[in-house]
Structure formats: C-alpha cells, structure tokens
Amino acid sequence: MIFPAARVALRQAARGFSTTSQNNAKVAVCGAAGGIGQPLSLLLKQSPLVTELRLYDIVHTPGVAADLSHIDTNSKVVGKSGPENLEEMLAGVDVVVIPAGVPRKPGMTRDDLFNTNAGIVRDLATAASKVCPKACLAIITNPVNSAVPIATEVLKKAGTYDPKRVFGVSTLDIVRARAFIGEAAGVDPQKVEIPVIGGHSGVTIIPVLSAVKPSVSFPKDKIDALTVRIQEAGTEVVKAKAGAGSATLSMAYAGARFALSLIRGLNGEQNVVECSYVRSDVTEAKYFSTPLVLGRNGIEKNLGLPKLNDYEKKLLEKAIPELHANIKKGEDFVK
Ligand SMILES: NC(=O)C1=CN([C@@H]2O[C@H](COP(=O)(O)OP(=O)(O)OC[C@H]3O[C@@H](n4cnc5c(N)ncnc54)[C@H](O)[C@@H]3O)[C@@H](O)[C@H]2O)C=CC1
Ligand SMILES: O=C([O-])CC(=O)C(=O)O
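Residues numbered from 1 in each chain as written. Chains lettered and ligands numbered in written order. Predicted model: local features only at pLDDT ≥ 70, side-chain atom pairs only at ≥ 80, totals over all residues.

### A word on the pairing of strand S4 (residues 95-98)
The two faces of S4 match: Val95 and Val97 on one face and Val96 and Ile98 on the other face are all buried. Two elements, S4 and strand S5 (residues 136-139), share four bridges in a ladder whose sense is parallel. Directly across from valine 97, in S5, lies its bridge partner alanine 138. In this view, the connection linking S4 to its parallel neighbour S5 by way of helix H5 (residues 114-131) has right-handed handedness. (Buried ≥ 20, exposed ≤ 12 C-beta atoms within 10 Å, placed from the backbone. Helix = DSSP H or I, 4+ residues; strand = E, 2+ residues; numbered from the N terminus. Pairing = 2+ DSSP bridges. Right-handed = clockwise from strand over helix to strand, strands pointing away.)

Written out as structure tokens, the structure reads:
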C-alpha cells in the first residue's frame, strides 16, 4: 500500500518537482544589476526550482543581492561585482543567464550593439568555460544572432563546447506572439501555442501563424500585420521608451520562463519544450531557432521545422541570408 503523501511525492518526482536532491539548481545571472537582470533575478528568487542565485555585474550587484536575499524563499543569494569576482560567481553553476551589455536606443539596429556587446559575451563565455564547463548558457545579450556563435567559438577554443548546452534566448518572441494573437483572436494568451522560429532580429524572426493552437484563421492583411508586429515588437518598445532602453520587464518574464524550463529539463521533467536559437542543421543556417525538447543534458531533441505554408516559406527565404551574415560576423570576431 502506498500512503497518499508518498503517492504525491512520487508523482512530483516524476514531473521533476521533487524537493529533494533533484531540485538543486544553481543559477548565475551575468548583468544582474541591469534593466533585465534585476527583475529576472527577482523572478528566479521566487522559484522553488532555484536553490542558489549568483548575481554578477560590473557594478552594483552586492546591493541587488542584499535586497533580494531578504525575500522569504528558500534559496541563497550572493552577489559580487567586478571582473576579479566573475569566476567565483560562476563556479559550479548549472545555468548561466546572460543579460549583460548595452541595449538599443531609437534608430539603432540590434547589430549596432555588436561592437560593445561582442567582447562582453566573449569574456563571460571564457570564464564559464573555465569554472562551469558543463553549465547551460542562456544568452539574452544582443545581437543574439551573433552572440551565440561568439560563445560557441570561445567554448570550442577552450575545448568545452557542447552544442546541447548553448542557447540564444528568443522566448520573448513567443511571449509576444501569444500576447498579440490572444488579443487579436479574443482568446486567453496563456492558452495560445505558437512556434516562432529563425533568429532574433527583424526579418529573421519567423512566427509560424499557420501552426497556432487553438487553430485561428486570420485574413491575409491581419497575418501580414501580426507578422510584422511580432518581428518589430522590440523596436516598438525601444521607440516607446524614447532613449531609456529596450524591453526589460517582458524580457525578464521571458528569460525566467526559459531558465526555469531549462532547469525543469535538467531535473528530468518530461516534455519540456521551448523554441531557442541554437546550433542547428534544420536549415542552411548554422544556428536557428526551432522547438526543442529540453532534458537532463540540455537539448534532448530538436523537433525541427514546423510545417510551413507558402507565406512562411518566403519569410524563411528572407531570413537565411541575414542569419548567415550575422553568424559569420560572430564567428569572425573570435577567430
Ligand atoms: N534576447 C532578447 O529577446 C532581448 C535582449 N535584450 C538585450 O539584453 C541586453 C541587456 O539589456 P538591459 O538589461 O536593458 O541593459 P542595461 O544596460 O539595463 O543592463 C545591462 C547590464 O549589463 C552590465 N554589464 C555591462 N558589461 C558587463 C560585463 N562585462 N559583465 C557583466 N555585466 C555587464 C551593466 O553594468 C548593466 O547592469 C542588451 O544587449 C539588450 O539588447 C533586451 C531585450 C530582449
Ligand atoms: O529590441 C531590442 O533591442 C531588444 C530586444 O531584443 C527585444 O525587445 O526583442
């Protein structure tokens, strides 16, 4: 006979929610004092899946850590700033989330951030390769399309590269697509499922509206408008913030969702699926976002391209040359 409490514990363990040894995720946030880093760290502090939160930035992290550490959840928070403390903050963590670097101002493209942010991503990946070589890296820093190849080349040089563990975070594109489709179709956005594939900038963002669940049928002009809005949503926020940065709160929400999905996969939970920009042989582009099953080793399985209609195939054709250029720029920076 199994007691009810034991039955619940077994069921929870099977779903990866055990509160015993499985639930022991150490997460580092690099760029933790920034516009994304602070609310992202708050959301991670709220999760029972995170047992230790390490906050790193070049400035202000001790204050952010002191503040968060007063929250009555069962995780330890430490925060140190300055490059001399970077390796200590990363040592032995399971997941490194990277929202470090400058954001856009109106009139800039994500690629305009390359010169400043490329070196930041390179240095953080270098430190990770030394002190947490098995960690999953979740890169939020723009331009994501080039930042993931940069991290990859650094890890390859260090001999610690595992393509199953390096992710570009494109979750905000899915979050936005759900919000906009929910609004347009009059349905609860939380019930909307949609793959957004490709990369994370302008035409490389490909919402697969033909695959929306529950199935909705929009007229052609609405499909055009929704597609462009999802592709340009980052710019919509940059314009609205009028010089005060880009999306931070929605990105923190999306970044926390992605980091927690990674941890659920690492914990052995089944059927955790997220789209993310990763090393890929699904299209001609070396890196591409498609739905992935996340598991104990990072990517368990790449679910590949969803079925595309002719309109979406044209979007894909337009995305590939830009992805090639963005990827090459990132690779060349490290080589
Ligand atoms: N992937 C995505 O969907 C999105 C990406 N982003 C990108 O995220 C990045 C951060 O954006 P925000 O938080 O708004 O910027 P922010 O300027 O508010 O914060 C960035 C933080 O990074 C820190 N930083 C700078 N150099 C660092 C280094 N070497 N090591 C550690 N930390 C360092 C800064 O001190 C600052 O606290 C930008 O590149 C932005 O374009 C923003 C929104 C969505
Ligand atoms: O637009 C930006 O610069 C920030 C970003 O990636 C987004 O909001 O999607």
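### Quick look at the site of ligand 1
In the vicinity of ligand 1, 33 residues are found, and the nearest of them are Gly31, Gly34, Gly35, Ala100 and Asn142. In terms of residues, the shell around ligand 1 owes the most to one element, H5, which gives three residues. (Near = placed C-beta within 6 Å.)

### Digging into the site of ligand 2
Surveying the vicinity of ligand 2 reveals the residues Pro103, Arg104, Arg110, Asn142, Leu172, Gly234, Thr235, Val237, Val238, Ser246 and Ala247. Sort the elements by how many residues they give to the shell around ligand 2 and helix H9 (residues 233-241) lands first, with four residues. By residue class, the composition of the shell around ligand 2 is five nonpolar, four polar and two charged. When residues are assigned to domains, the shell around ligand 2 turns out to be shared by domain 1 (25-169) and domain 2 (170-334), each giving three or more. (Nonpolar A, V, L, I, M, F, W, Y, C, P; charged D, E, K, R; others polar. Domains from an automatic or database assignment.)

### Re the domain arrangement of the chain
Many structure descriptions define interface size as the accessible area lost when the parts assemble. In terms of domains, the chain is made up of domain 1 (25-169) and domain 2 (170-334). Computed from C-alpha coordinates alone, the two centres of domain 1 and domain 2 are separated by 21 Å. Taken together, the contacts link 45 residues of domain 1 with 42 residues of domain 2. Per-element accounting of the side of domain 1 that touches domain 2 gives the leading share, 10 residues, to helix H6 (residues 144-158). (Contact = placed C-beta atoms within 7 Å.)

### Notes on the nonpolar core
One recurring pattern in soluble globular proteins: nonpolar side chains tend to sit buried together. If you look at the biggest cluster of nonpolar residues, it comprises 99 residues, and the most contacted ones within it are Val95, Val96, Leu137, Ala138 and Ile139. Broken down by element, the residue count for this core peaks at 10 residues, all from helix H10 (residues 249-266). A domain-level breakdown of this core finds at least three residues from each of domain 1 (25-169) and domain 2 (170-334). (Core = buried A, V, L, I, M, F, W, Y, C linked by C-beta atoms within 7 Å.)

### So, unusual backbone geometry
Note that the residue after asparagine 142, namely proline 143, is joined by a cis bond; omega there is -5 degrees. Relative to the assigned elements, proline 143 resides in the loop between S5 and H6. In this chain, lysine 213 is followed by proline 214 through a cis amide linkage whose omega measures -5 degrees. Relative to the elements of secondary structure, proline 214 occurs in the loop between strand S8 (205-207) and helix H8 (220-231).

### A look at the UniProt feature "binding site: substrate" (unreviewed entry) in the chain
As recorded in UniProt, the sites labelled "binding site: substrate" (unreviewed entry) are Arg104, Arg110, Asn142 and Arg176. Tracing the chain through its elements places arginine 110 in the loop between S4 and H5. A tally of 26 C-beta atoms within 10 Å means that arginine 110 is categorised as buried. Discounting chain neighbours no more than four positions away, the residues touching arginine 110 are Arg104, Asn142, Pro143 and Ser201. On the secondary structure map, asparagine 142 appears in the loop between S5 and H6. (UniProt positions renumbered as here; feature names shortened; annotations may be inferred.)

### Section: helix H11 (residues 310-334)
Owing to its 3.6 residues per turn, the α-helix brings residues three or four apart onto one side. Over its 25 residues, H11 extends 37 Å from the first C-alpha to the last, a length consistent with the 36 Å expected when each residue adds 1.5 Å. In the structure, H11 departs most strongly from a straight axis at alanine 319, where the bend amounts to approximately 25 degrees and where the proline proline 321 lies between one and four residues downstream. Residues of H11 that are buried include every one of Glu312, Leu315, Leu316, Ala319, Leu323, Asn326, Ile327 and Gly330, and no others. Here the buried face of H11 lies against H6, strand S7 (196-198), S8 and strand S10 (287-295). (Expected span 1.5 Å × (residues − 1). Bend = angle between axes of the 7 residues up to and from the residue.)

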